[in-house]
Amino acid sequence: MGMSNIPVKTAAAPAAPAARGLGSTAVLALGTFAVGTDAYVVAGFLPAMADSLRVSEGAAGQSATAFAVAYAVLAPVLATATTRIPRRALLVGALVLLAAANLGSALAPSFPVLMATRVLAAFGAAAFTPSAGAVAASLVAPAQRGRALAVVIGGLTVATALGVPLGNLAGRLLDWRAALGLVAALCALCAAGVFAVMPVLPGGPRVPLRARLNALRLPGVVAVLPLTVLGLAASYGLYAYAVPILHALGAEGGAEMWLLFLYGAGAVAGNLAAGAAVDRYGPVRVLAAGYTALAVTLAATAWAAGAHVHRLPLAGLLMVAWGAGTWFQTPAQQVRLISAAPRETPVVVGLNASALYLGIALGTGLGGLLLPVGVPAALAACAGLAVLSLAYLGLTRRYR
């Protein structure tokens, strides 16, 4: 999905057979699935969580904002601070921290405690995901690195498709606390798997944070990165409130889970289609088409919610389009950044991941403020942000 924040330097690969390396990447993919599920699962049971903690749905959604802000800030900092830590120890420690944070969220007696545990979870996620990508690349032969990275990042993609609907199902069959407890158990299981399967790898040489951020001085990078923030604020900002939006579209009960699954299916399809289209048509054309489609989708959803058009086929179509419109952006933006700074590829990909989470944080915060006004107003505002993204793309189109 392009969220991986790959460090500048990676540890030297041990003399291990490539087959063993690919087997280890499967365990890392399970870890990224756990991380992705942890990031997205709250959207599946947001109303129940808000009711239990006696806060509004808008306030409860800010737990996603706290996670995203913390991840955006911590990812480059932790990549610098943990460089010399042996890789297996770092990966296992990050997953154990994620398990503890989710257990803390499940047992949280109040909303402030929940917020604190979501920030703690961001620490674990920001430490695990970047290192998992780098380790996967170091475990295999150079000819297999692309496949290994695809396997690891595939865990995040699958989490987008399955994490929220499974959380919604667990929340309905059990309750939201039990659902977070299951996520904690998954993280603990992944930690055990990484410890058992992963070979011992040393840490790498220390790279100062200032050196990592030097890419921000390049004009192309400075011009392109804000679009990641703006585009994700437009597309993903209301996803934490997907269940209230589905209620406004007339979906209830079991229909919620399937509609959330359709969003995930659209996200996977949008990501794959964008990757192929960028190679053929170039990133600017793909982004222009995508932002146009996103603006139309959000405007149509706002109309359906405001006019009380309760038709599940229409809701399903809108959810697929919303998912595709959200996750088509990452491949194109990464290509633009790599073209702007070809010698700083790992750094700009990492900066794009931080910008992505910053956009999610801003959009979720805006959604929490607008949701009390009404679902149609919140959707219309995000449609406006999509139009603004299209305009900004026009201003920076020379960076291809």
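Residues numbered from 1 in each chain as written. Predicted model: local features only at pLDDT ≥ 70, side-chain atom pairs only at ≥ 80, totals over all residues. Heavy atoms only, no water.

Asker: Before we move on, can you summarise the overall build of the chain with the specific residues and values?
Answerer: Counting secondary structure elements, the chain contains 17 helices and 0 strands. When burial is assessed residue by residue, the chain has 58% of its 400 residues classed as buried. Pairs at least 24 apart in sequence give 88% of the contacts found in the chain among residues at least 6 apart. With the model as given, the accessible surface of the chain reaches about 15100 Å², and the carbon-plus-sulfur share is 70%. (Helix = DSSP H or I, 4+ residues; strand = E, 2+ residues; numbered from the N terminus. Buried < 20%, exposed > 50% of the residue type's maximum accessible area, 1.4 Å probe, protein only. Contact = heavy atoms within 4.5 Å. Areas by Shrake-Rupley, 256 points an atom, 1.4 Å probe, with all protein chains shown as cover.)

Asker: Lay out the pattern of salt bridges in plain terms, naming residues and giving numbers.
Answerer: It is possible for side chains bearing opposite charge to pair when their charged atoms get close. Using the criterion set out here, one finds 1 salt bridge in the structure. Between Arg118 and Asp38 there is a salt bridge; the shortest N-O distance is 3.3 Å. One end of the pair, Arg118, is in helix α6 (residues 111-139); the other, Asp38, is in helix α1 (residues 18-40), with 80 residues separating them in the sequence. Given a relative accessible area of 2%, Arg118 falls into the buried group. (Salt bridge = Lys/Arg side-chain N within 4 Å of Asp/Glu carboxyl O.)

Asker: Which residues make up empty space enclosed by the protein, and what values do they have?
Answerer: Counted under the stated rule, the structure contains 4 cavities of 30 Å³ or more. Here the largest cavity is characterised by a volume of approximately 170 Å³. Around the largest cavity, the lining is made up of 17 residues, and of these Ala39, Tyr40, Ala64, Tyr236 and Ala240 lie nearest the centre. Taken together, the elements giving at least two residues each to the lining of the largest cavity come down to α1, α4 (62-81) and α16 (345-370). Per-element accounting of the lining of the largest cavity gives the leading share, 4 residues, to α4. Of the residues contributing to the lining of the largest cavity, the split by class is 14 nonpolar, 2 polar and 1 charged. Counting contributing residues per domain, the lining of the largest cavity is built from domain 1 (21-206) and domain 2 (210-399), each supplying no fewer than three. (1 Å grid on protein atoms, 1.4 Å probe; cavity = no way out; pocket = protein on both sides within 12 Å on 5 of 7 lines; lining within 4 Å. Points joined across faces, edges and corners; volume = space filled by probe spheres on them. Nonpolar A, V, L, I, M, F, W, Y, C, P; charged D, E, K, R; others polar. Domains from an automatic or database assignment.)

Asker: I'd love a proper account of the environment of Ala127, names of residues and values included.
Answerer: Of note, Ala127 is situated in helix α6. The contacts of Ala127, once residues within four sequence positions are left out, are Leu78, Leu90 and Ala94.

Asker: Explain a nonpolar patch on the surface to me, and be specific about the residues and the numbers.
Answerer: A cluster of nonpolar residues, Val158, Leu162, Leu166, Trp258 and Phe261, forms a patch on the protein surface that exposes about 450 Å² of accessible area. Residue assignment for the nonpolar patch shows that the elements contributing at least two residues are α7 (145-173) and α12 (254-281). The element that contributes the greatest number of residues to the nonpolar patch is α7, accounting for 3 residues. In this fold, Trp258 is placed in helix α12. The exposed category is assigned to Trp258, whose relative accessible area is 54%. (Patch = residues over 30% accessible without salt bridge, like charges linked within 9 Å, V, L, I, M, F, W, Y side chains within 5 Å.)

Asker: Report on the packing of aromatic side chains, specifying residues and quantitative values.
Answerer: The final tally for this structure, using the stated rule, is 10 aromatic pairs. Ring centres 4.0 Å apart and planes at 15 degrees place the aromatic pair Tyr239 and Tyr263 in the stacked group. Residue Tyr239 is found in the loop between α10 (219-236) and α11 (242-248), and its partner Tyr263 is found in helix α12; the two are separated by 24 residues along the sequence. Aromatic side chains Tyr239 and Trp322 sit 6.0 Å apart centroid to centroid with 90 degrees between the ring planes, which places their arrangement in the edge-to-face category. (Phe/Tyr/Trp six-rings, centres within 6.5 Å; stacked < 30°, edge-to-face > 60°.)

Asker: Requested: an account of the confidence of the model for the chain, with residues and values cited.
Answerer: With 87% of its residues at a pLDDT of at least 70, the chain reaches an overall mean of 83. The low-confidence segment residues 1-19 (pLDDT under 50) makes 55 contacts with residues lying over four places distant or belonging to another chain. (pLDDT = per-residue confidence, 0-100.)

Asker: Report on unusual backbone geometry, specifying residues and quantitative values.
Answerer: Outside of glycine, negative phi angles account for most residues, and trans bonds account for most peptide bonds. Phi is positive for Arg54, close to 60 degrees, though the residue is something other than glycine. Within the secondary structure, Arg54 sits in the loop between α2 (46-53) and α3 (57-60).

Asker: Before we move on, could you go through the environment of Ala106 and cite the residues and values that matter?
Answerer: Relative to the assigned elements, Ala106 resides in helix α5 (residues 87-107). Owing to a relative accessible area of 5%, Ala106 belongs among the buried residues under this scheme. Spatially, the C-alpha atoms of Ala106 and Leu182 are 9.3 Å apart, while their sequence positions differ by 76 residues. Setting aside residues no more than four positions away along its own chain, Ala106 makes contact with Arg177, Leu180 and Gly181.

Asker: Pulling in residues and values, what's your account of the packing of α12 against helix α14 (residues 312-327)?
Answerer: Two elements in contact, α12 and α14, have axes separated by 6 Å at closest approach and are oriented at 35 degrees. The hand of the α12/α14 crossing is right-handed. Contacts between α12 and α14 involve Ala255, Leu259, Leu260, Leu262, Tyr263, Gly266, Ala267, Gly270 and Asn271 from the first element and Leu312, Ala315, Gly316, Met319, Val320, Trp322, Gly323, Ala324, Thr326 and Trp327 from the second. Its residues assigned to classes, the contact of α12 with α14 comprises 13 nonpolar, 6 polar and no charged. (Axes fitted to C-alpha atoms, helices over the stretch in contact; angles between N-to-C directions. Left-handed = near helix turned anticlockwise from the far one by under 90°.)

Asker: Mind laying out the nonpolar core, listing which residues take part and the relevant values?
Answerer: Of all hydrophobic cores here, the largest spans 117 residues; its most connected members are Leu28, Met49 and Trp322. Looking at this core element by element, the count peaks at 12 residues for α6. Taken domain by domain, the makeup of this core includes at least three residues from each of domain 1 (21-206) and domain 2 (210-399). Those residues in contact with Leu28 that sit more than four places away from it in its chain are Leu91, Phe128, Ala132, Val135, Ala136, Val152 and Met198. Ala215, Leu225, Val348 and Tyr399 belong to the second largest nonpolar core, which has 13 residues in total. (Core = buried A, V, L, I, M, F, W, Y, C linked by side-chain atoms within 4.5 Å.)

Asker: Can you tell me about α5, naming the residues and giving the values?
Answerer: The first and last C-alpha atoms of α5 sit 30 Å apart over 21 residues, in line with the 30 Å expected at 1.5 Å per residue. All of the buried residues in α5 are Arg87, Leu90, Leu91, Val92, Ala94, Leu95, Leu98, Ala99, Ala101, Asn102, Ser105 and Ala106. (Expected span 1.5 Å × (residues − 1).)

Asker: Any details on the packing of helix α13 (residues 283-306) against helix α15 (residues 329-340)? Residues and values, ideally.
Answerer: Between two packed helices, the angle of one axis relative to the other and the distance separating the axes together describe the packing. Between α13 and α15, the least distance of the axes is 9 Å, while the angle of their chain directions is 150 degrees. With respect to each other, α13 and α15 are oriented roughly antiparallel. Read as a crossing pair, α13 and α15 show a hand that is left-handed. Between α13 and α15, the residues in contact are Pro283, Val284, Leu287 and Tyr291 and Gln329, Ala332, Gln333, Val335 and Arg336, respectively. Split into classes, the residues belonging to the contact of α13 with α15 amount to 6 nonpolar, 2 polar and 1 charged. (Parallel < 35°, antiparallel > 145°, perpendicular 65-115°, else oblique.)

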